[in-house]
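# Descriptive structure summary
Chain by chain, the residues run as shown.
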Amino acid sequence: MLSKILEIKLPIIKIIFFISLFIITSNSILYFFEKYINGDRFLFDDLVLNYCAGVLYSQDVSPYGFGLGKTPLIDCVKNVIGGDWGMPAYFYSTFYLRILSKLNNFEFDTIKSIWLGLCFFSISLILFFSYKVLPINKLKKVLPLVIFFSFGGILIKAFTSGNLSVFVYGFLALSLFFLHKNYKIIFCFIIILISLIKPHHLIFFVIGILVYEKEFIKYAVISTLIVVFIYFLEFTYNKELFLGYLSNLHASTTPEFFFSYNATVGLKAVIQNLPTNAAEQLGFYISAGPNLIRNLLWFFLTFVILIGSILYRTNKKIKNLDSSKKSKLIAFGCIVITIVNPNLAVYEFFLFIPAMYFLIEKIKIPKLSFYDERIKYLIFLSFVIVQDI
């Protein structure tokens, strides 16, 4: 079967790829207009949570709290969207919360307009990063379509969510551009700022280690200590509010949160769901969700993947670290970071998708060199026609 597919002429595979890309792109755009422009689907629903968190904080009310009867955001969110949102919760830092408090001076419609501009700016940064650091020469002319409409338009879904990650990943892309240019301090500065909003993004320092090895470790350690120190200052500034923030972070690891949202798709989600799915096939039931054993398993696998990636880089012993090799290491790092992300959702794939396309284009297949181009375009085609990751 595979041999027959590989006998298909390359131009035909290319035509199928571009037709599929056009169909998927058109379908995603039509869906957007049907649901968000002509329909009643609320655009940027996650943005409402940030807006309401800022409004509550400006009124000296903590937005933290999770669970039935414990979520202070409910009334504000209902008033903004004109309907029920379920059980909204705010999980960002107290540092970011003080920035959000300034939103109280604006109407939500104004915030949506500003957010739309920020999103397009962020998307521009991601495309700039993709063209400059992870160039995909075979798909250069259609790169924006390939990035945003692959896997069923998953990044378009991320855009419509209004989640802060849409904006954050633009600056993560910019930071990696500076890392590629060997501006380590600028890279660290951007990661520090982002980590003051979402602390798990400290893991992006791993990419610096993958690229520059021991030379980067001091930058990672000092930057991490700076973030820890600032969070300590946050704690001393308002202990009650900061403890509320920590309580919400803990809540995100509980079964209650899992069964309320269950929106993650990464390694942790696989570990939490796989035993249940396997048991169903065998005719009995095992409850899904987090528990001590599954959490330890996720931690162990994450540790193995990260250490294994660093050891792999060390064993490569790259003597001439040129631009092309840096790009490959950064792409590899983006994929590793995505895999181990504990809260991986649709809006966390902005760097993963261009990294995947880039590495596949660069991979050499010695034993199948005659079919090399065909195999790559078939993989590209699978990325386009598969409707979810």
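Anything mentioned here points back to the structure above.
Residues numbered from 1 in each chain as written. Predicted model: local features only at pLDDT ≥ 70, side-chain atom pairs only at ≥ 80, totals over all residues. Heavy atoms only, no water.

## Considerations on the overall build of the chain
Counting its secondary structure elements, the chain contains 18 helices and zero strands. Taking 21 Å as the expected radius of gyration for a compact globule of 389 residues, we find that the chain reaches 22 Å, a close match to that expectation. Principal-axis analysis of the C-alpha atoms gives the chain an extent of 65 × 50 × 50 Å. Each of the 389 residues in the chain was classed as buried or not, and the buried ones make up 48%. Sequence-distant contacts in the chain: of pairs separated by 6 or more residues, those separated by 24 or more amount to 73%. Counting only carbon and sulfur atoms, one obtains 67% of the accessible surface of the chain, whose full area is about 19800 Å². With 35 positive and 22 negative side-chain charges, the chain shows a separation of 15 Å between the mean positions of the two kinds. (Helix = DSSP H or I, 4+ residues; strand = E, 2+ residues; numbered from the N terminus. Rg over C-alpha atoms; globule rule 2.2 N^0.38 Å. Buried < 20%, exposed > 50% of the residue type's maximum accessible area, 1.4 Å probe, protein only. Contact = heavy atoms within 4.5 Å. Areas by Shrake-Rupley, 256 points an atom, 1.4 Å probe, with all protein chains shown as cover. Lys, Arg positive; Asp, Glu negative; His and termini not counted. Charge placed at Lys NZ, Arg CZ, Asp CG, Glu CD.)

## Quick notes on helix α15 (residues 292–316)
Side chains of residues three or four places apart in an α-helix project in the same direction, reflecting 3.6 residues per turn. Counted at 1.5 Å a residue, the expected span for α15 with its 25 residues is 36 Å, and the 36 Å between its end C-alpha atoms agrees. Among the residues of α15, R294, W298, T302, L306, S309 and R313 are the ones counted as buried. Buried positions along α15 lie against α10 (205–212), α14 (267–282) and α16 (323–340). Of the residues one or two after α15, K317 is the one with positive phi, at around 50°. (Expected span 1.5 Å × (residues − 1).)

## Some points on the state of the cysteines
Scanning all chains against the criterion turns up one disulfide. Two residues, C52 and C76, share a disulfide whose sulfurs are 2.3 Å apart. Because the torsion about its S-S bond is -85°, the bridge between C52 and C76 counts as left-handed. Here C52, found in helix α3 (residues 45–58), pairs with C76, found in helix α4 (residues 74–81); they are 24 residues apart in sequence, far enough to count as distant. For the residue pair C52 and C76, the accessibility class agrees, reading buried in each case. Cysteine C119 is unpaired, with the sulfur of C52 as its nearest cysteine sulfur at 18 Å. Given the relative accessible area of 0%, C119 is considered buried. Between C188, a free cysteine, and C334, which holds the nearest cysteine sulfur, the sulfur-to-sulfur gap is 15 Å. By relative accessible area, which is 4% here, C188 ends up buried. (Disulfide = S-S within 2.5 Å.)

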